[in-house]
Every structure is written in C-alpha cells, then in structure tokens.
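As a plain string of letters, each chain reads:
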Protein chains: 2
Amino acid sequence: MNSNVINDLLNYNNIKIIQNKDMFAFSLDSVLLANFVKINLRTKNILDIGTGNAPIPLILSTKTKASITGVEIQQDVFELAKQSIEINNKINQIKIINEDINILYKKIPSDYYDIITCNPPFFKINENNKKGNSIYKQIARHEIKLNLEQLMIISKKILKNNASINIVHRPNRLLDIIFEMKKNNIEPKRIQFIYPKIDSEANMILIEGIKNGNSGLIVEPPLYVHEEDGKYTKEILKIFQMG
Amino acid sequence: MNSNVINDLLNYNNIKIIQNKDMFAFSLDSVLLANFVKINLRTKNILDIGTGNAPIPLILSTKTKASITGVEIQQDVFELAKQSIEINNKINQIKIINEDINILYKKIPSDYYDIITCNPPFFKINENNKKGNSIYKQIARHEIKLNLEQLMIISKKILKNNASINIVHRPNRLLDIIFEMKKNNIEPKRIQFIYPKIDSEANMILIEGIKNGNSGLIVEPPLYVHEEDGKYTKEILKIFQMG
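Residues numbered from 1 in each chain as written. Chains lettered and ligands numbered in written order. Predicted model: local features only at pLDDT ≥ 70, side-chain atom pairs only at ≥ 80, totals over all residues. Heavy atoms only, no water.

A.B. asks: I would appreciate a short explanation of the overall build of chain A in the present structure.
C.D. replies: Counting secondary structure elements, chain A contains eight helices and eleven strands. Expressed as a percentage of the 243 residues in chain A, the buried residues total 55%. Counted over contacts in chain A with a minimum sequence separation of 6, partners at least 24 positions apart contribute 70%. Per element, the accessible surface of chain A, about 11300 Å² overall, is 47% carbon and sulfur. (Helix = DSSP H or I, 4+ residues; strand = E, 2+ residues; numbered from the N terminus. Buried < 20%, exposed > 50% of the residue type's maximum accessible area, 1.4 Å probe, protein only. Contact = heavy atoms within 4.5 Å. Areas by Shrake-Rupley, 256 points an atom, 1.4 Å probe, with all protein chains shown as cover.)

So, in structure tokens, the structure goes:
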C-alpha cells in the first residue's frame with residue numbers, strides 16, 4: 001500500500017480521501033454527483049452503490065446528519081474506503097460494506113432508502129477495452145458486476161416511495177438510463193448536462209429519478225468545467241469549495 | 001385581413017413573413033429549429049409539418065436548393081403561408097399544401113423525404129387551456145389535430161432510411177418524444193437545450209431523430225437566448241443574421 005496517497009484537494013471540511021493509482025482515483029464525476037443530490041432534513045438513510053474510495057459518502061456527510069452506507073464489491077478498494085472513513089472520523093455516520101449489491105439488496109428491506117447515489121461503470125462489457133487496465137479499473141469502469149438494468153431493479157425495491165436514485169453517466173447512455181428507469185417505475189425528474197468547456201458537446205450527465213414519481217422533467221442550467229484558458233470555472237471551484 | 005403584418009425582422013436574404021395576430025406570430029422556436037437542421041448537398045426533399053405561415057420553409061430555402069413542402073391544415077393560415085411564399089418569390093422552391101398530414105401522408109410514397117421538420121403543438125389537449133384563444137391558436141398549440149405519436153408514425157413511413165425528423169418542443173415532453181421515436185425505430189441522435197438565460201432551467205429542446213439510426217446520442221452545446229440585461233445573446237443574433 002506504499003503507493004497510496006492521501007488526497008486533500010477537497011476542502012469540504014478538510015475531507016481526505018485515500019487513493020491508490022493502481023486502482024483508480026476519485027474523480028470529478030463523484031464530486032458533481034454529490035453536489036447534484038437533493039438532501040433535506042427528512043433524509044435518514046442514504047446508500048452509495050459502488051462507493052470506491054468513498055468520495056460520495058464523505059462529501060455527503062458534510063451536508064447531512066443522515067446515516068450513509070457505501071457498498072463496494074472489491075475487497076482492496078473496500079479497505080481503502082474504510083481507512084478514508086476512519087481518517088476523517090466519520091465511522092459513526094458512514095458504514096462501508098464489502099459485498100456485491102446484487103446479493104446485498106435482497107437482504108435490505110423494501111422501501112428503506114431516502115436516497116441512492118451511484119457513479120456506475122460507464123462502459124458496456126466489451127466497449128472501450130484497454131489492455132493492461134487492472135481488474136480494479138475494469139470492474140469500476142465496465143458493466144462487469146453491475147449494469148443499468150440491475151441498478152434500477154435494485155433501486156425500485158429498496159427506495160422509499162418518492163425517493164430518489166441519482167447517477168452520473170455519459171450522454172450516449174442517456175436513453176438507456178431513461179429506458180431502464182421507466183421500466184421500473186422510476187421517473188426521470190431532473191437532468192443536468194456537464195460541458196467540458198463552452199462550445200463543446202456535453203460529456204457528462206447527472207440524472208435524478210424518483211420512484212413512482214409524476215412525469216415532468218426539469219433540465220437544470222448547464223455546468224461548464226473549464227474556462228477557455230483551461231482553468232476551472234467559478235462554478236466548479238465553488239463546488240469544490242475553493243471558489 | 002387588415003390586421004396582417006409583414007414582418008421582416010428576419011434578415012435571411014430579406015425574407016418577409018406575413019403574420020396575423022389573431023392567428024399566431026411565428027416565433028423563435030421556428031427560427032431555432034430551422035437553424036438546428038442539418039442539410040447537405042444530397043438533400044432533395046424537405047417536408048415541414050404544420051408549417052403555419054411558413055417560417056421554416058422560408059428560412060431553409062436560403063440554405064438549400066432542395067424542394068420544400070409545407071403542410072398546413074388550417075385554410076386561413078395556409079392562405080397566409082401562400083402569400084408569404086409569393087412575396088418572397090419562392091414559388092418555384094416551396095410548395096404549400098392545405099391538408100391534414102394524417103391523411104396526406106398516406107398518399108406520399110414510403111422512403112421519400114430526406115428531412116422532416118415540425119414545430120408541433122406543445123400542449124396535450126386539455127393542458128394549459130386558455131379561454132378566448134382562437135381556434136387557430138388552439139390547433140397550433142394543442143395536440144388536437146396532431147400528436148407526437150402520429151408525427152412519429154408518419155415520419156417512420158415517409159422518411160428515407162437514415163433521414164431525419166427534427167422537432168422543437170418543451171423539455172417536459174422530452175421523454176414522450178424519445179418514447180415515440182424509439183417505438184417507430186427513429187433513433188434520437190442529437191439534442192440541444194435552449195435556456196432563456198444563464199442560471200435558468202431549459203425551456204426549449206431541439207431534437208433530431210434518424211430513421212433506423214444507430215444508437216449514440218450527442219448533446220450539443222447549450223444555447224442561451226438572453227443576456228442578463230435582457231438583450232439577445234450574440235449566438236441568437238447570429239442565428240437571426242443580425243449579429
């Protein structure tokens with residue numbers, strides 16, 4: 001574990017996230033997703049599926065007193081996440097479980113969670129394969145252990161009525177996401193498109209689905225990541241609490 | 001017809017559009033849709049469904065030599081459209097037909113059109129009803145004579161393979177549009193969101209579907225209509241060819 005790095009770029013109440021470059025670095029995706037989620041005072045239980053080194057639970061813990069659970073299928077990654085929770089003194093609020101969500105969810109009561117978050121694998125199993133990627137990265141990036149269909153079936157069962165599943169993904173999967181949500185009576189209610197810079201196509205989407213929600217979609221103001229000179233935009237720096 | 005007004009706001013080669021306030025004014029929607037459509041040198045036949053006073057055919061005629069047909073169900077509106085075509089000396093390129101597209105399309109050969117455009121009624125039949133609106137406006141704004149399902153069934157038949165249907169609509173109907181497209185093997189390929197100003201939710205969408213197209217969605221850069229001081233943005237003025 002010598003190559004682990006404590007990353008304190010995030011300034012959310014000085015949260016530190018332990019990263020191992022051979023596994024993967026937490027990324028902007030997770031920060032944007034945590035920022036997108038709507039939490040309120042009635043939010044009691046939050047589940048982050050495929051939590052990695054737990055950036056989403058850690059960021060959310062600065063915004064809510066709710067109980068947060070992260071599920072991570074890979075044991076080595078799970079160990080990193082646990083260390084991150086300990087270093088940040090969040091063991092009373094955040095629980096990390098090392099299990100396959102496809103098995104775990106059967107043990108979770110129906111209608112239990114107020115919020116689910118997930119930064120899922122972006123690629124289909126045989127899509128965009130790069131040789132030499134570690135198994136850690138492959139599982140995190142490809143739909144080997146979890147695909148959108150499974151994610152929505154799971155969410156349908158364990159979300160409370162009118163509770164939300166929030167995911168970050170690529171625009172080219174938007175139609176699949178909508179399709180799998182609708183199939184499971186999860187109504188896409190809010191979308192935000194992320195553009196790397198002005199005049200570029202969107203390269204990321206954030207989407208909120210509501211279990212048994214009414215129809216009616218809101219498209220949030222767009223978010224640009226970089227200025228034309230390559231610097232982060234004010235909006236992004238604000239999200240990182242560095243603006 | 002004394003209340004007719006020749007509107008020459010559009011500076012596309014000095015196109016003039018005859019409007020009658022009791023019917024409806026052409027609007028930004030149509031200009032943005034005409035700007036969104038991808039035309040190329042092989043484009044031979046274009047159909048504009050629900051053409052109103054023909055703003056879309058007139059704008060497109062400045063961008064292509066293709067033959068353009070506008071269909072308008074309402075006879076009085078059709079008469080205005082015809083006058084607009086005559087005033088602009090476009091009778092050789094643009095043909096306006098006074099018929100219900102639900103009947104007309106059965107007489108059109110399959111796989112005929114390269115491009116369909118449509119600025120359809122935005123509201124469901126009983127949605128957002130305002131008393132006192134003329135029947136002209138009601139038919140133009142409510143799905144009385146044409147709904148999304150009919151539009152996609154028609155498009156499926158009369159579009160060539162890999163040809164496009166392009167529509168402008170409200171974001172809250174995006175899921176319906178996608179659903180009706182997919183049901184008819186029309187693949188949503190390109191979307192653009194229009195925001196009235198910075199930090200506002202989108203209030204308009206432009207979407208291109210391709211008959212029998214491959215999957216893979218592109219989200220175009222967003223378009224803002226107004227600056228914070230209420231003026232049109234540079235992008236909008238450029239589209240109006242006034243920038």
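A.B. asks: Explanation requested: unusual backbone geometry in the structure shown.
C.D. replies: Peptide bonds are, in most cases, trans, and in most cases residues other than glycine have a negative phi. Of note in the backbone geometry, Asn89(A) takes a positive phi value of approximately 55° without being a glycine. With phi around 65°, Asn162(B) is a residue other than glycine that occupies positive phi space. Tracing the chain through its elements places Asn162(B) in strand 7 (residues 159-169).

A.B. asks: Please clarify how the interface of chain A and chain B should be interpreted in this entry.
C.D. replies: Accessible area lost when the parts come together is the quantity often used to give the size of an interface. With 22 residues of chain A in contact, the opposing surface of chain B contributes 22 residues. Of the roughly 1900 Å² buried where chain A meets chain B, counting both sides, 72% is carbon and sulfur surface. There are zero salt bridges connecting chain A and chain B. Where chain A meets chain B, there are four residue pairs in polar contact (both at pLDDT 80 or more). Grouping the amino acids of the side of chain A that touches chain B by side-chain chemistry returns 14 nonpolar, three polar and five charged. (Buried area = accessible area lost by both parts, 1.4 Å probe. Salt bridge = Lys/Arg side-chain N within 4 Å of Asp/Glu carboxyl O. Polar contact = N/O pair within 3.5 Å; in protein donor to acceptor, adjacent residues only side chain to side chain. Nonpolar A, V, L, I, M, F, W, Y, C, P; charged D, E, K, R; others polar.)

A.B. asks: Even after reading the chapter, I still don't get the pattern of salt bridges, so can you show me in this structure?
C.D. replies: Two side chains carrying opposite charge are able to pair once their charged atoms lie near each other. Residues and elements named next belong to chain A. The tally for this structure, following the rule as stated, stands at 22 salt bridges over all chains. Two residues, Asp 111 and Lys 211, come together in a salt bridge whose shortest N-O distance is 2.8 Å. Separated by 100 residues along the polypeptide, Asp 111 in the loop between helix 4 (101-104) and strand 6 (113-118) and Lys 211 in strand 9 (residues 204-211) bring together distant segments of the chain. Ionic pairing is found between Lys 183 and Glu 180, a salt bridge with its closest N-O pair at 3.1 Å. Remark: Glu 180 and Lys 183 occur in helix 7 (residues 174-183); sequence separation between them is three residues, near one turn of the helix. On the basis of relative accessibility, which here comes to 44%, the residue Lys 183 falls in the partly exposed class. Given a relative accessible area of 12%, Glu 180 falls into the buried group. It is possible to trace a salt-bridge network through shared partners that takes in Glu 143, Arg 173 and Asp 176.

A.B. asks: Even after reading the chapter, I still don't get the pairing of strand 4 (residues 67-71) of chain A, so can you show me in this structure?
C.D. replies: Each regular strand carries side chains that alternate between the two faces of the sheet. All names here are of chain A. With respect to burial, strand 4 is a largely interior element, four of its five residues being buried. Where strand 3 (residues 45-49) lies against strand 4, five bridges are found, and the strand directions are parallel. Counterpart to Asp 48 in the pairing with strand 4 is Gly 70. After leaving strand 3, the chain enters helix 2 (residues 55-61) and then returns to the sheet as strand 4, a path that is right-handed. Two strands pair when backbone bridges link them, and strand 4 and strand 5 (residues 94-97) are joined in this way by four bridges, in the parallel orientation. When the sheet's bridge partners are listed, Val 71 is paired in strand 5 with Ile 97. (Pairing = 2+ DSSP bridges. Right-handed = clockwise from strand over helix to strand, strands pointing away.)

A.B. asks: Teacher, can you tell me more about the confidence of the model for chain A here?
C.D. replies: Low pLDDT marks regions whose predicted coordinates should not be analysed in detail. Averaged over every residue, the pLDDT of chain A is 88; residues scoring 70 or more account for 88%. In the predicted complex, the global pTM is 0.86; the interface-specific ipTM is 0.80. (pLDDT = per-residue confidence, 0-100.)

A.B. asks: How should I be thinking about helix 3 (residues 75-87) of chain A in this particular structure?
C.D. replies: All names here are of chain A. Taking 1.5 Å of rise per residue, the 13 residues of helix 3 would be expected to cover 18 Å, and the 18 Å separating its terminal C-alpha atoms lies within 8% of that figure. Those residues of helix 3 that sit buried are Val 77, Phe 78, Leu 80, Ala 81, Ser 84 and Ile 85. For helix 3, the buried positions fall inside an angular range of 160° around the axis, keeping them on one side. Immediately downstream of helix 3, the backbone of Asn 89 shows phi near 55°, a positive value. (Expected span 1.5 Å × (residues − 1). Arc of directions from axis to C-beta.)

A.B. asks: For this particular structure, what's the right way to read the relation of the copies chain A and chain B?
C.D. replies: Each of the two copies of the chain can be brought onto the other by a rotation about an axis and a shift along it. With an RMSD of 0.0 Å, chain A superimposes on chain B once it is rotated by 180° and translated 0.0 Å along the axis. Both chain copies can therefore be described as sitting about a two-fold axis. Residue Pro222(A), judged by its C-alpha, is the member of chain A lying nearest the rotation axis, at 3.7 Å. (Least-squares fit on C-alpha atoms with pLDDT ≥ 70 in both.)

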